[in-house]
Amino acid sequence: MEKIIQITAGRGPAECTWVVAQVLKKVLDEAQDQSLETVLLQREVGQENGTIETATISVKGKNADIFANSWIGTIQWIGQSQFRKMHKRKNWFIGIFEIEPQKNTSILENDIHYQAMRSSGAGGQHVNKVSSAIRATHIPTGITVVSMDSRSQHQNKKLATERLLKKLEGETLQQLKNHVGKQWENQLNIQRGNPVRVFSGSDFKKNKVEKSYKGTRQQLKTNLRNENN
């Protein structure tokens, strides 16, 4: 089971990017406590030291879906601005969204075409007369690598395969990063009110989330309307 989540400050001010950094630590710590594997796929640092604009994490393991769902939504931090001491605003919001993982395309042996070719460059007459170099091509993508490191065709085939797999892995990672980039519009969709988790103070202590927000929702809207970022 794998879940990919994005933690983002949206278009919030520096205070929100500080909250993202704190939440990222909380998410990673909590995942570790639950024996879940996490990989930081992407991170954009904020303008202030120790802040993060957005971070994307892969979470794998048993009950990864339950873990991710417990974080997805709006996160609220109640506290004094770390950067503007005289600022009146006390409520800051960031968002956590789920990103659909890219489909993994398994690499089959039949998808790789090998072609023997003569080595070039230094190495004497032997490498020029014997077709020991190997060109490996991944047919579905057209990605090609060449190995002419060894005089052994078998060894060059092995090296070419390793290089091709590594290159394909890099391409897959780049596709994932591009996929994450397309989710950037999530930053425009952070919903205030009804936070799934609330933290407070400079120590980022977790507060209990009330089941009903009818008494505070209007006040939050009023605060956000009257206070400038």
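Here, the structure is the one placed above.
First, a word on scope: everything that follows refers to the structure included in this document.

Here is what the cut-offs are and how they apply
Residues numbered from 1 in each chain as written. Predicted model: local features only at pLDDT ≥ 70, side-chain atom pairs only at ≥ 80, totals over all residues. Heavy atoms only, no water. Helix = DSSP H or I, 4+ residues; strand = E, 2+ residues; numbered from the N terminus. Buried < 20%, exposed > 50% of the residue type's maximum accessible area, 1.4 Å probe, protein only. Contact = heavy atoms within 4.5 Å. Areas by Shrake-Rupley, 256 points an atom, 1.4 Å probe, with all protein chains shown as cover. Core = buried A, V, L, I, M, F, W, Y, C linked by side-chain atoms within 4.5 Å. Phe/Tyr/Trp six-rings, centres within 6.5 Å; stacked < 30°, edge-to-face > 60°. Lys NZ or Arg CZ within 6 Å of the ring centre and 35° of its normal.

A word on the overall build of the protein. The secondary structure content of the protein amounts to 5 helices and 10 strands. Burial analysis of the protein (229 residues in total) assigns 39% to the buried set. Summarising the internal contacts of the protein: among those between residues at least 6 apart in sequence, 60% fall at separations of at least 24. For the protein, the computed accessible surface area is about 13,800 Å², with 47% contributed by carbon and sulfur atoms.

Attention shifts here to the nonpolar core. Core analysis: the biggest nonpolar cluster contains 28 residues, and Ile7, Val19, Val23, Val27, Trp71 and Ile94 have the highest contact counts within it. At the level of secondary structure, the elements contributing two or more residues to this core comprise strand S1 (2–8), helix H1 (14–33), strand S3 (52–60), helix H2 (64–69), strand S4 (73–78) and strand S5 (91–99). Counting residues per element, this core draws most heavily on H1, at 9 residues. Sequence-distant contacts of Val19, that is, excluding residues within four places in its chain, are made with Trp77, Trp92, Ile94 and Phe204. Counting 8 residues, the second largest nonpolar core, distinct from the first, contains Ile134, Val145, Ala160 and Leu164.

Quick look at the packing of aromatic side chains now. In the structure shown here, the tally under the stated rule is 5 aromatic pairs. For the ring pair Trp18 and Trp77, a centre distance of 4.8 Å and an interplane angle of 55° mean the geometry is tilted. One end of the pair, Trp18, is in helix H1; the other, Trp77, is in strand S4, and 59 residues separate them in sequence. The pair formed by Trp18 and Trp77 is uniform in burial state, with each residue classed as buried. A centroid spacing of 4.6 Å and a plane angle of 20° characterise the contact between Phe199 and Phe204, whose relative ring orientation is stacked. Note on accessibility: Phe199 and Phe204 belong to one class, buried. Grouping aromatic residues by their ring pairs yields a cluster made of Trp18, Trp71, Trp77, Phe199 and Phe204. In this structure, Arg197 packs its charged tip against the face of Trp71, placed 3.6 Å from the ring centre.

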